[in-house]
Amino acid sequence: MFLKRKKTKNEEGHPAYIFERNKNQRRYLAFTHSSSTNKIKNIELDKNVDSRDNRKCHVHPIAKIANVNDFEKPVNPYSLKTNRDKELIKGIISKNKRK
């Protein structure tokens, strides 16, 4: 499920794909325009998850954790546009699943 991570004093609000829920916490993948985050290379998608944005879109390969209150519904819904992007996200999620 796609939501938007709320803006904080350190970060802009970014699209987030929630793939695991645990009480008040959510594990998610973060999407960004940047090719790297904190010196970790992000993976480029074929199409941006935000259909209004033509810039390049990348996904951070390491899942993040945040409280349920840190997310909001996006103004325009996000989605994965290509089968390659969908398979890529499935692979990243399987590598980030808790064992």
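Presented here is a report on the structure given in the accompanying data block. (Residues numbered from 1 in each chain as written. Predicted model: local features only at pLDDT ≥ 70, side-chain atom pairs only at ≥ 80, totals over all residues. Heavy atoms only, no water.)

## A few points about the pattern of salt bridges
The final tally for this structure, using the stated rule, is eight salt bridges. Its salt-bridge partner being D70, residue R5 comes within 3.7 Å of it at the nearest N-O pair. Residue R5 is found in strand β1 (residues 2–5), and its partner D70 is found in the loop between β8 (64–67) and β9 (71–72); the two are separated by 65 residues along the sequence. In this structure, R84 and D85 form a salt bridge, with 3.6 Å as the shortest nitrogen-oxygen distance. In the salt-bridge network here, residues are joined through shared partners; they are D46, R84 and D85. (Salt bridge = Lys/Arg side-chain N within 4 Å of Asp/Glu carboxyl O. Helix = DSSP H or I, 4+ residues; strand = E, 2+ residues; numbered from the N terminus.)

## Topic: the nonpolar core
Among the nonpolar cores identified, the biggest contains 14 residues, and L29, F31, L45, V49, V59 and I89 are the most heavily contacted of them. When residues of this core are traced back to their parent elements, those giving at least two are β3 (25–32) and α1 (83–96). In terms of residues, this core owes the most to one element, α1, which gives three residues. L3, A16, I18 and A30 belong to the second largest nonpolar core, which has seven residues in total. (Core = buried A, V, L, I, M, F, W, Y, C linked by side-chain atoms within 4.5 Å. Buried < 20%, exposed > 50% of the residue type's maximum accessible area, 1.4 Å probe, protein only.)

## Quick word on the layout of surface pockets
Counted as a void, the largest pocket has a volume near 260 Å³. Forming the walls of the largest pocket are 19 residues, and the residues nearest its centre are G13, P15, H33, D50 and Y78. (1 Å grid on protein atoms, 1.4 Å probe; cavity = no way out; pocket = protein on both sides within 12 Å on 5 of 7 lines; lining within 4 Å. Points joined across faces, edges and corners; volume = space filled by probe spheres on them.)

## Some points on the pairing of strand β2 (residues 15–22)
By the bridge criterion, three bridges tie β1 to β2 in an arrangement that is antiparallel. Following the sheet pairing, L3 is matched in β2 by A16. In this sheet, β3 lies alongside β2 in antiparallel orientation, the contact comprising six bridges. Its bridge partner being in β3, A16 is matched across the sheet by A30. In sequence, β2 turns back onto β3 through a hairpin of two residues, with K23 there showing a positive phi of about 50°. (Pairing = 2+ DSSP bridges.)

## Regarding empty space enclosed by the protein
For the structure on display, the rule yields one cavity of 30 Å³ or more. Estimated volume of the largest cavity: approximately 40 Å³. Taken together, E20, R21, N22, Q25, R26, R27, I65 and R98 make up the full set of residues lining the largest cavity. Mapped by element, the contributors of at least two residues to the lining of the largest cavity are β2 and β3.

## Notes on the side chain of D85
Counting through the fold element by element, D85 comes out in helix α1. The exposure class assigned to D85 is buried, which follows from its relative accessible area of 0%. Side-chain polar atoms of D85 contact the backbone nitrogen of D46, separated by 2.9 Å. A polar contact is formed between the side chain of D85 and the backbone nitrogen of K47, at a distance of 3.2 Å. Setting aside residues no more than four positions away along its own chain, D85 makes contact with L45, D46, K47 and L80. (Polar contact = N/O pair within 3.5 Å; in protein donor to acceptor, adjacent residues only side chain to side chain. Contact = heavy atoms within 4.5 Å.)

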